[in-house]
Amino acid sequence: MYDLTSFAQQRLWFLEQWQPGSSLYNTWRVFDLRGPLEVSALRRALDAIVERHESLRTRFAEHEGEVYQILSEAAPTALPCVDLRRIQLAEAELDRQIRHEVERAFDLQSGPLLRPLLIALGEHHHVLTLTLHHIITDGWSMDVLRRELAQLYEAYVLGQPSPLSELPIQYADFAVWQREWLQGEALEEQLAYWREQLADLPPLLELPTDRPRAGHPSHTASSVEMDLPEPLARAFKALCQGERVTLFIGLLTVLLTTLRNATGQSDLAVGTAIGARQRPELEGLIGLFVNTLVLRVPVTRELSFRELLARVRSVVLEAHAHQDLPFEKLVQELLSDRELTHTPFFQLLFTMVEAAEREHVAGDLTLQPRRLAGRSTKFDVMVWAQDAAAGLRLGIVYRTELFHPTTLQRFLASMQQVMERVVTDAGMRLDRLPAASAATRHLQLAEWNDTTTAFPRDEEVHRLFEQQSQRTPEALAIESAEGWVSYGELDRRATLLAHRLRRLGVGPTACVGVFLRRSVDQIVAFVAVLKAGGAYVPLDASLPEERVEFVLNDAAAVVVVSSRDLEASLPADRAQTLWLDEATWIDEAGLGRPGEAAPLAGIETLRDSASPAYLMYTSGSTGRPKGVMVPHRAIVRLVHTTNFVELDASTRMAQVSNSSFDAATLEIWGALVRGGRLVIIDTEVLLSQPQFVRALRTRRISTMFLTTTLFSQLAKEIPDAFVTLRQMLFGGEAVDPASVVRVLGQDGPERLLNGYGPTENTTFTCVADYRQSGGAEDAELGSIGRPIANTRVYVLDPRFELVPLGAEGDLWTAGDGLALGYWQRPKLSAQRFCPDPFSREPGARLYATGDLVRQAADGKILFLGRRDHQVKLRGFRIELGEIETVLSHHPRVATAAVLLREDQPGQRRLVAYLECRGEAPDTDELRRFLQAKL
């Protein structure tokens, strides 16, 4: 007998063809049978149920694009029996047997699609598994199957006939009725509601995953759960009764509130399953009736929890009023292109589950449901709640390829924290509810930011160099194509130059431009400027003249240190110039013989470690270049008592960075402060990959930093380029995970480090060691690791609140690495540097990096992209903060966060995230509002 399938069966057939041989849609129940068991009566009961329900005798086939049900004749049901009574470790073997049975795939075309198994553990202890394919059953049906099995078994044991009345219809009748009814006006009425309800629904719920979404999901699952304290459960149930909502609606509102905090999204959609048996004749049938409803709820922070409860109640009631449209038909009608890597319309399912209870079957035999967690799931996350006599239990089944268990445990803890707050005040606004749980805040504020390490924070960087020179005057400090320079000689030459700079007017707060190629002279100039009490302004010799002129004028440099061969590249209108390649400056220092350089006096009383050591100018890609004032303390924090890189007398540090790039700070001072050797690599060598790799080996480089682009190029062309290094650092942009894989596949380097940090936090803020931690997976996630010593990081929302783990937020950083601000730009400094509300240290400050990140469950920071702070609008540049301020003055906008996204290289778009009062203004209205105000 051939019958058309229901819409739900049709979809399951399609999914089976897409992923054949999968057990993803297996459904089962496992029961402990305790007491005397009559196996013959059990077989007879199973046979009667199969004969009674045609769905249990159904298989499926496809013909000319249509899927059909094929009804088989009733036949004795196979009931295999496994005897484990004499098996050692019987529980372990029992678990293996059950797992094998419930995870064994079905053949939908051959059948049967019901598979019982009986396992004997003792004379009066058996375990019964009933495994069915979801295409012929649902949760309600499994309860019907259990109930009828108990009734029939008891009757047959007592020698009585079946107590069950004849079924009025069969599942095939329902399938025919559904297809005949759901067309024309009835179909259009249902679709009209759902079209409006799901219009412009965001394509994906941005759940805070710990791993990126794979192109072909495995659906492997695990679970976490927690019991709520009994007083809290009682109080929350009382709250729901007082607000006249069901426990389902109350818990769903808590879930949505927690999701709003975790994702930052205010337009949320979750799925829920309903029985969909609206006619009484369907209640006793075994078959696939379950339907899935999409519950879309706007969750804006200006709402109170009580108001959100009412909104959720309205959405749930309306969805139930339009439940006749099968989810499968909804997908077919509203989605032209199906994305098979995740569930359409929603990725999180919420459901209430019944508490399992022991049931008497016959005489002394009892049937007790046995818990068996599934090892696969169809959803990214399924949140369930169980209302038990002792209280409430919450649980989450999740895809292990996306989440760590601790992430979901913290999510449950956040749900509990929301409940604890609202039971005392249901009128509390959502924006007053904590975004992160107390335990999470402790991790974020205390444990992961516990980076304080003793270091000479009150020393100036050149004083530490001088101390090293006094300890090891004969040790080599610099190695270059020009030759070698010892620590003692480098210190002497720098002191001579410092005296000359003093005579030229260099002192505290004075800036000195250093326009030289990478060379010994360049290092001498940097040290000398610091000895003289000034701040050096590094200018790479390859910079265009306009840039050099701007920087020298903006910094008001009193002196420029350069060489005659670069004179043509310097602007004509500049400060006085000291030519290092002319010997006259030594005589002009006024010291007599070169070897009699006297120590400089008086400078140390005029400044300290919080004084600027150098001005590093940003690229100016978002407007006018800014001079970042980096103090001595920040440099010392970077290179002394480090926890991310080993620096000592054995270090041979390659200098490959341009002096205008802040990585040069690590290269130069990381070597000279710690007694290592700075090895200058010529530009010509850098431009030839074979020569460069040869130089790394012949010159025995131990530590090096490269831009991510150069690192990736070398990793692709010469994967073993870094095998002789002890420490390889790279940074500046997101890395291609394939590059990391290639390098990790070699024997070296010992440490492969991704260094992240803005110039305003002195080269590095966070560092990820791919060799010692997550490797390629960390690279794929965009991990930039954790903060380095004496550095703190915070992931904040627009309200300046910590976001939950995994949620997107702005990265702010604090600690001894912070710059003093921007040279002669106090307004901009005040915008980007502000007091640190999380620190008790007087004067502690935060810096807005402008980067979007997430913090993973293990504390690592995952880089998402830049958040530029300026946008070109109507011919001039405007700070994004100004746009946010203007938008926040819109009568329906409570708060605004604005960023620039680069979806494709070179294609940037302005994106505004708004918290609205009532209905959100549309894009055109906002555009007109901005144009009028700006």
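Overview of the structure.

Parameters at a glance
- Residues numbered from 1 in each chain as written.
- Predicted model: local features only at pLDDT ≥ 70, side-chain atom pairs only at ≥ 80, totals over all residues.
- Heavy atoms only, no water.
- Helix = DSSP H or I, 4+ residues; strand = E, 2+ residues; numbered from the N terminus.
- Buried < 20%, exposed > 50% of the residue type's maximum accessible area, 1.4 Å probe, protein only.
- Contact = heavy atoms within 4.5 Å.
- Pairing = 2+ DSSP bridges.
- Axes fitted to C-alpha atoms, helices over the stretch in contact; angles between N-to-C directions.
- Expected span 1.5 Å × (residues − 1).
- Polar contact = N/O pair within 3.5 Å; in protein donor to acceptor, adjacent residues only side chain to side chain.
- Parallel < 35°, antiparallel > 145°, perpendicular 65-115°, else oblique.
- Left-handed = near helix turned anticlockwise from the far one by under 90°.
- Nonpolar A, V, L, I, M, F, W, Y, C, P; charged D, E, K, R; others polar.
- Salt bridge = Lys/Arg side-chain N within 4 Å of Asp/Glu carboxyl O.
- Phe/Tyr/Trp six-rings, centres within 6.5 Å; stacked < 30°, edge-to-face > 60°.
- Lys NZ or Arg CZ within 6 Å of the ring centre and 35° of its normal.
- Core = buried A, V, L, I, M, F, W, Y, C linked by side-chain atoms within 4.5 Å.

Brief notes about the overall build of the protein
Here's step 1: For the protein, the count of helices and strands is 27 helices and 40 strands.
Here's step 2: By principal-axis analysis of the C-alpha atoms, the protein measures approximately 125 × 70 × 60 Å.
Here's step 3: By residue count, 57% of the 934 residues in the protein fall in the buried class.
Here's step 4: If you take every contact in the protein between residues at least 6 apart in sequence, the share linking residues at least 24 apart comes to 70%.

Things to note about the sheet that holds strand S5 (residues 81-83)
Pairing between the strands of a sheet is mediated by backbone hydrogen bonds and can be parallel or antiparallel.
Here's step 1: Here we have six strands laid out as an open sheet, ordered S5-S6-S7-S2-S13-S12, and mixed in their pairing. At either margin of the open sheet sits one strand with a lone partner, and together these are S5 and strand S12 (359-362). With direction set aside, neighbouring strand axes in the sheet form an average angle of 25°.
Here's step 2: Bridging between strand S6 (residues 114-122) and strand S7 (residues 125-133) involves eight bridges; their strand directions are antiparallel. Looking across to S7, one finds that Leu117 is bridged to Thr129.
Here's step 3: Sitting on the sheet, helix H3 (residues 90-102) is in contact with strand S2 (26-34), S5, S6 and S7, with an inclination near 175° to S6.

Observations concerning unusual backbone geometry
Here's step 1: Residue Pro112 is reached from Gly111 by a cis peptide bond, and omega for that bond is -10°.
Here's step 2: Mapping Pro112 onto the fold places it in the loop between H3 and S6.
Here's step 3: A cis amide bond links Gly748 to the next residue, Pro749, at an omega of 5°.
Here's step 4: For Pro749, the position within the fold is in the loop between helix H23 (737-744) and strand S28 (751-756).
Here's step 5: Positive phi outside glycine occurs at Arg700, with the angle close to 55°.

A look at helix H4 (residues 139-157)
Here's step 1: Look at H4: 27 Å from first C-alpha to last across 19 residues, which is about the 27 Å you get at 1.5 Å a residue.
Here's step 2: What H4 keeps buried is the set Ser141, Met142, Val144, Leu145, Glu148, Leu149, Ala150, Leu152, Tyr153, Ala155 and Tyr156.
Here's step 3: The elements touched by buried residues of H4 are S2, helix H2 (39-52), S7, S12 and strand S13 (365-369).
Here's step 4: At the C-terminal side of H4, Gly159 shows a positive phi close to 75°.

A closer look at the environment of Thr683
Here's step 1: Note that Thr683 resides in helix H20 (residues 683-686).
Here's step 2: Note on Thr683: relative accessible area 43%, which makes it partly exposed.
Here's step 3: Considered as a pair, Thr683 and Arg518 are 165 residues apart in the sequence and their alpha carbons are 8.6 Å apart.
Here's step 4: At a separation of 3.1 Å, a polar atom in the side chain of Thr683 contacts the side chain of Arg518.

Structural notes on H2
Here's step 1: Along its 14 residues, H2 runs 20 Å from first to last C-alpha, staying within 8% of the 20 Å computed at 1.5 Å per residue.
Here's step 2: Within H2 the residues assigned to the buried category are Ala41, Leu42, Ala45, Leu46, Ile49, Val50 and Arg52.
Here's step 3: Among the structural elements, S6, S7 and H4 are those in contact with the buried residues of H2.

Regarding the sheet that holds strand S4 (residues 66-71)
Here's step 1: What the three strands build is an open sheet, ordered S1-S4-S3; its pairing is antiparallel. What marks the edges here is a single partner per strand, and that holds for strand S1 (2-4) and strand S3 (58-63). Going from strand to strand, the sheet's axes swing by 40° on average, the running direction of each strand aside.
Here's step 2: Sheet analysis places S1 next to S4, joined by three bridges and oriented antiparallel.

Examining the packing of helix H14 (residues 487-503) against helix H15 (residues 520-532)
Here's step 1: Close contact between H14 and H15 brings their axes to 7 Å; oriented N to C, the two are set at 55°. Judged on the interaxial angle alone, H15 and H14 are oblique. As H14 runs across H15, the sense of the crossing is right-handed. Facing Leu490, Asp491, Arg493, Ala494, Thr495, Leu497, Ala498, Leu501 and Arg502 of H14, the residues of H15 in contact are Val520, Asp521, Ile523, Val524, Ala525, Val527, Ala528, Val529, Lys531 and Ala532.
Here's step 2: Here the contact of H14 with H15 is composed, by residue class, of 13 nonpolar, one polar and five charged.

Describing the pattern of salt bridges
Here's step 1: As enumerated under the stated definition, the model contains 43 salt bridges in all.
Here's step 2: Residues Arg633 and Asp458 are paired through a salt bridge, measuring 3.2 Å at the closest nitrogen-oxygen approach. Residue Arg633 is located in helix H18 (residues 632-639), and its partner Asp458 is located in the loop between helix H12 (438-447) and helix H13 (461-471); the two are separated by 175 residues in the primary sequence.
Here's step 3: The partner of Lys860 in a salt bridge is Asp858, and the shortest N-O contact between them spans 3.6 Å.
Here's step 4: The class for Lys860 is buried, based on a relative accessible area of 16%.

Digging into the pairing of strand S23 (residues 627-631)
Here's step 1: For S23, the tally of buried residues reaches five of five residues, placing the bulk of the element in the interior.
Here's step 2: Burial of the side chains of S23 extends over both faces: Gly627, Met629 and Pro631 are buried on one face and Val628 and Val630 on the other.
Here's step 3: Both strand S22 (residues 612-617) and S23 contribute to a ladder of five bridges, which runs antiparallel. Following the sheet pairing, Tyr614 is matched in S23 by Val630.
Here's step 4: One ladder, built from two bridges, connects S23 with strand S33 (residues 821-822); its direction is antiparallel.

Overview of the packing of aromatic side chains
Here's step 1: Summed over all chains, the structure comprises 25 aromatic pairs.
Here's step 2: Ring centres 5.5 Å apart and planes at 25° place the aromatic pair Phe711 and Phe722 in the stacked group. Here the residue Phe711 occupies a position in helix H22 (residues 708-717), and Phe722 occupies one in the loop between H22 and strand S27 (727-731), the gap between them amounting to eleven residues. For the pair Phe711 and Phe722, a shared accessibility class is recorded, and that class is buried.
Here's step 3: Residues Tyr822 and Phe833 carry aromatic rings whose centres are separated by 5.7 Å and whose planes lie at 65° to one another, so their mutual orientation is edge-to-face. Within this pair, whereas Tyr822 is found in strand S33, its partner Phe833 is found in strand S34 (residues 833-835), the two being separated by eleven residues in sequence.
Here's step 4: For Phe833, a relative accessible area of 7% puts it in the buried group.
Here's step 5: Taken together, the aromatic side chains of Tyr171, Phe174, Trp177, Trp181 and Phe289 make up a single cluster linked through ring pairs.
Here's step 6: Stacked on the ring of Phe7, the Lys or Arg Arg179 has its end atom at 4.6 Å from the ring centre.

Quick look at the nonpolar core
Here's step 1: Phe236 and Leu252 are the most contacted members of the largest nonpolar core, which has 76 residues in total.
Here's step 2: Considering each element in turn, this core owes the most residues, ten residues, to helix H8 (residues 247-263).
Here's step 3: The contacts of Leu252, once residues within four sequence positions are left out, are Val270, Leu295, Val312, Val316 and Phe350.
Here's step 4: By size, the runner-up hydrophobic cluster in this structure holds 70 residues, among which are Ala498, Leu578, Ala634 and Ile668.

Re the side chain of Thr703
Here's step 1: Considering the arrangement of structural elements, one finds Thr703 in strand S26 (residues 703-707).
Here's step 2: Non-local contacts of Thr703, meaning those with residues more than four positions away in its chain, are made with Val645, Glu646, Thr651, Arg652, Met653, Ala654, Gln727 and Leu729.

Considerations on the side chain of Thr407
Here's step 1: Mapping Thr407 onto the fold places it in helix H11 (residues 405-422).
Here's step 2: Note on Thr407: relative accessible area 9%, which makes it buried.
Here's step 3: Setting aside residues no more than four positions away along its own chain, Thr407 makes contact with Pro208, Asp210 and Ala857.

Looking at the environment of Thr453
Here's step 1: Tracing the backbone through its elements, the reader meets Thr453 in the loop between H12 and H13.
Here's step 2: With a relative accessible area of 29%, Thr453 lands in the partly exposed category.
Here's step 3: Expressed as a C-alpha distance, the spacing of Thr453 and Thr641, which sit 188 residues apart in the sequence, is 7.4 Å.
Here's step 4: Dropping the residues within four chain positions of it, Thr453 is found in contact with Thr641, Ala789 and Asn790.

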